[in-house]
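# Examination of the molecular architecture
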Amino acid sequence: MEKTFRPDTICVQAGWKPKKGEPRVLPIYQSTTFKYDTTDEMGRLFALEDEGYFYTRLQNPTNDAVAEKIAELEGGVAAMLTSSGQAANFYTIANLCQAGDHIVCSAKVYGGTFNLYASTIKKLGIDCTFVDPDASAEEIDQAFRDNTKAVVGETIANPALTVLDIEKFAVLAHKHGVPLIVDNTFATPVNCRPFDFGADIVTHSTTKYMDGHAMAVGGCIVDSGNFDWEAYGDKYPGLTTPDETYHGVVYTRQFGKKAFITKATAQLMRDLGSIPSPMNSFLLNIGLETLPLRMEKHCSNARQVAEFLKDHEKVEFVNCAMLKGDPYYDLAQKYMPAGTCGVLSFGLKGTKEDAVRFMDSLKLCAIVTHVADARTCVLHPASHTHRQMNDEQLKEAGVTPGLIRLSVGIEHPLDIIEDLAQALNQV
Ligand SMILES: *Cc1c(COP(=O)(O)O)cnc(C)c1O
């Protein structure tokens with residue numbers, strides 16, 4: 001067996017492994033297509049009988065090297081990059097479900113994922129039941145049906161910042177013979193590896209910390225290879241029965257532990273086509289090289305900023321699972337002992353107008369619709385993501401007029417704190 005390295009080493013060394021005389025740095029294979037010498041050579045690729053590149057919508061060496069690095073980081077057997085996190089979360093469900101099927105999902109997931117599962121896949125005939133992730137196992141158990149095919153949650157929910165009890169969800173999913181899918185975007189595999197706690201498939205918006213510099217939108221699906229698709233009879237026919245669009249290949253039989261990712265690539269990427277550009281994958285790879293350094297700094301900065309805000313007279317509350325006393329502190333200690341992430345939220349005392357004055361007084365922290373950037377970003381949900389709601393609806397959604405979402409960057413922590421302090425003084 002090949003030696004397995006620690007995350008810091010995987011981040012710089014995994015994926016692209018140049019042979020004699022090849023470039024040290026991962027090349028950008030900016031080519032749609034790849035050349036062969038004989039008709040038969042290319043024919044075997046189309047029949048999935050040989051491995052090799054022929055068209056970038058299906059596979060590309062730059063994309064694959066980066067996917068391999070992320071798979072290794074998560075401790076999985078295979079991964080596929082997508083052009084966005086949205087595509088990753090859609091493909092994961094589309095790879096398991098068809099019209100008439102059902103999934104169970106944490107109600108605290110990212111808004112984009114919520115819309116996708118509550119509305120868009122519903123139009124395709126796939127139903128979703130949303131559950132309170134903090135409910136008891138007995139309560140969540142009620143959401144399962146005979147046609148349930150998967151369970152979904154987020155390690156740290158964006159922007160709710162709740163921490164998922166991965167083991168509780170994994171036990172429930174496996175009791176019902178379905179895989180647990182965890183969106184690990186905010187924690188990253190540096191701070192949490194959901195497979196170690198029973199998750200079967202991990203998804204990412206690589207747009208966030210993995211890229212980390214706000215350069216490229218992207219996504220990734222990683223398979224642990226642990227879920228036994230064939231053990232559940234005809235529940236996953238797409239994986240366990242012949243794919244007539246590929247000469248009757250049975251993915252589980254021909255590809256074993258790599259069945260899930262091979263089907264996602266050969267079938268979904270072929271038909272739906274949300275492939276990242278090799279240039280974006282190259283940028284993502286540079287981001288990954290420094291991921292452990294950045295995560296450590298994001299977390300230590302966020303801790304200091306959270307402590308500062310917690311004690312400030314104009315701040316009502318702070319949501320940060322690294323703070324003692326936070327409702328998710330214990331879960332965070334269990335699943336992410338080294339730290340959670342740089343994103344936190346806090347409630348400013350006063351009105352919506354006070355919050356706007358605070359926002360507009362910030363000089364270093366920038367107002368952008370983004371999180372997980374090296375640069376500190378800030379957003380006012382009542383003015384931005386939840387703008388259409390009135391005060392009553394905001395209350396119902398758990399968004400107070402003074403709620404601020406802060407993505408703490410990797411600047412010097414005192415510069416961030418001083419900027420927040422001077423803006424708080426303007427309120
Ligand atoms: C941003 C985000 C997504 C969507 O990813 P895009 O790359 O923006 O398409 C999905 N899940 C989580 C947790 C996110 O933060």
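Residues numbered from 1 in each chain as written. Predicted model: local features only at pLDDT ≥ 70, side-chain atom pairs only at ≥ 80, totals over all residues. Heavy atoms only, no water.

### Quick notes on the site of the ligand
Around the ligand, a shell composed of 15 residues is seen, among which Asn158, Asp183, Ser205, Thr207 and Lys208 lie nearest. At a separation of 2.8 Å, an oxygen atom of the ligand approaches a polar side-chain atom of Asn158. Here Ser205 contributes a side-chain N or O atom positioned 2.8 Å from an oxygen atom of the ligand. Burial of the ligand by the surrounding chains reaches 92%, relative to a free accessible area of 390 Å². For the shell around the ligand, the element with the most residues is helix H4 (residues 85–94), which contributes three residues. Of the residues in the shell around the ligand, the class split is three nonpolar, nine polar and three charged. (Near = heavy atom within 4 Å. Polar contact = N/O pair within 3.5 Å; in protein donor to acceptor, adjacent residues only side chain to side chain. Areas by Shrake-Rupley, 256 points an atom, 1.4 Å probe, with all protein chains shown as cover. Helix = DSSP H or I, 4+ residues; strand = E, 2+ residues; numbered from the N terminus. Nonpolar A, V, L, I, M, F, W, Y, C, P; charged D, E, K, R; others polar.)

### A look at the packing of aromatic side chains
All chains considered together, the criterion is met by 13 aromatic pairs. Residues Phe34 and Tyr53 carry aromatic rings whose centres are separated by 5.6 Å and whose planes lie at 45° to one another, so their mutual orientation is tilted. Of this pair, Phe34 sits in the loop between helix H1 (7–13) and helix H2 (39–46) while Tyr53 sits in the loop between H2 and helix H3 (61–74), and the two are 19 residues apart along the sequence. Through successive ring pairs, a cluster of aromatic residues spans Phe227, Trp229, Tyr232, Tyr236 and Phe260. (Phe/Tyr/Trp six-rings, centres within 6.5 Å; stacked < 30°, edge-to-face > 60°.)

### Considerations on H3
In an α-helix, one turn spans 3.6 residues, which is why side chains three or four residues apart end up on the same side. With 14 residues, H3 extends 20 Å from end C-alpha to end C-alpha; this agrees with the ideal 20 Å at 1.5 Å per step. Of all 14 residues in H3, 11 are buried; the element is thus mostly enclosed. Among all positions of H3, only Pro61, Thr62, Asn63, Ala65, Val66, Ala67, Lys69, Ile70, Ala71, Leu73 and Glu74 are buried. Close packing links the buried residues of H3 with H1, strand S1 (78–82), helix H8 (188–191), strand S6 (201–205), strand S7 (219–223) and helix H12 (278–289). Put simply, Asn60 is the residue that caps the front of H3, since its side-chain oxygen is 2.8 Å from the backbone nitrogen of Thr62. Once H3 ends, the next one or two residues include Gly75, with phi positive near 75°. (Expected span 1.5 Å × (residues − 1). Buried < 20%, exposed > 50% of the residue type's maximum accessible area, 1.4 Å probe, protein only. Contact = heavy atoms within 4.5 Å.)

### Here we look at the pairing of S7
Judged by how many residues are buried, S7 sits mostly within the fold: five of five residues are covered. Because side chains alternate across S7, one face comprises the buried residues Gly219, Ile221 and Asp223, and the other comprises Cys220 and Val222, equally buried. Here five bridges tie S6 to S7, and the two strands are oriented antiparallel to one another. The partner of Ser205 across the bridge, within S7, is Gly219. (Pairing = 2+ DSSP bridges.)

### A few points about the sheet that holds strand S10 (residues 366–367)
The strand order S8-S9-S12-S11-S10 describes an open sheet built from five strands, whose pairing is mixed. Each end of this open sheet is capped by a strand with a single partner; those strands are strand S8 (315–319) and S10. Where helix H13 (residues 291–310) meets the sheet, it contacts S8, strand S9 (343–348) and strand S12 (403–407), and its direction lies at approximately 10° from that of S9. Its contacts with the sheet put helix H15 (residues 352–361) on S9, S10, strand S11 (377–379) and S12, and the angle it makes with S9 is roughly 130°. (Axes fitted to C-alpha atoms, helices over the stretch in contact; angles between N-to-C directions.)

### Some details on the domain arrangement of the chain
What the domain assignment reports for the chain is domain 1 (7–286) and domain 2 (292–424). Relative to domain 2, the C-alpha centre of domain 1 lies at a distance of 30 Å. Across the boundary between the two partners, domain 1 contributes 31 residues, which contact 28 residues of domain 2. Summed over both partners, the interface of domain 1 with domain 2 comes to about 2400 Å²; 64% of that surface belongs to carbon and sulfur atoms. The three residues of domain 1 that bury the most area against domain 2 are Val163, Asn191 and Tyr209, which together make up 31% of that side's buried surface. Applying the counting rule to domain 1 against domain 2 returns one salt bridge. When the shortest N-O distance is used, the salt bridge between Glu167 and Lys334 registers 2.6 Å. There are 13 residue pairs in polar contact (both at pLDDT 80 or more) connecting domain 1 and domain 2. (Domains from an automatic or database assignment. Buried area = accessible area lost by both parts, 1.4 Å probe. Salt bridge = Lys/Arg side-chain N within 4 Å of Asp/Glu carboxyl O.)

### Some words on unusual backbone geometry
Leave glycine aside and you will find that most residues have negative phi; peptide bonds, for their part, are mostly trans. The omega angle of the peptide bond from Asn158 to Pro159 is 0°, so this bond is cis rather than trans. Its location among the elements puts Pro159 in the loop between strand S4 (148–154) and helix H7 (166–175). Positive phi, normally seen in glycine, also occurs at Leu161, with a value near 65°. Mapped onto the secondary structure, Leu161 falls in the loop between S4 and H7. Take Leu161: its relative accessible area is 7%, and that puts it in the buried class. Of note in this structure, Ala214 is not a glycine but carries a positive phi near 55°.

### Focus on the nonpolar core
Within the largest apolar cluster, 94 residues are counted, with the highest numbers of intra-cluster contacts made by Ile70, Ile93, Leu96, Ile103, Tyr117 and Leu180. At seven residues, the largest contribution of residues to this core is made by helix H11 (residues 259–272). Structurally, this core is a two-domain feature, drawing no fewer than three residues from each of domain 1 (7–286) and domain 2 (292–424). Apart from the residues lying within four places of it in its own chain, the contact partners of Ile93 are Ile103, Tyr117, Ile121, Ile126, Val152 and Ile181. Ala302, Leu309, Cys320 and Ala423 belong to the second largest nonpolar core, which has 27 residues in total. (Core = buried A, V, L, I, M, F, W, Y, C linked by side-chain atoms within 4.5 Å.)

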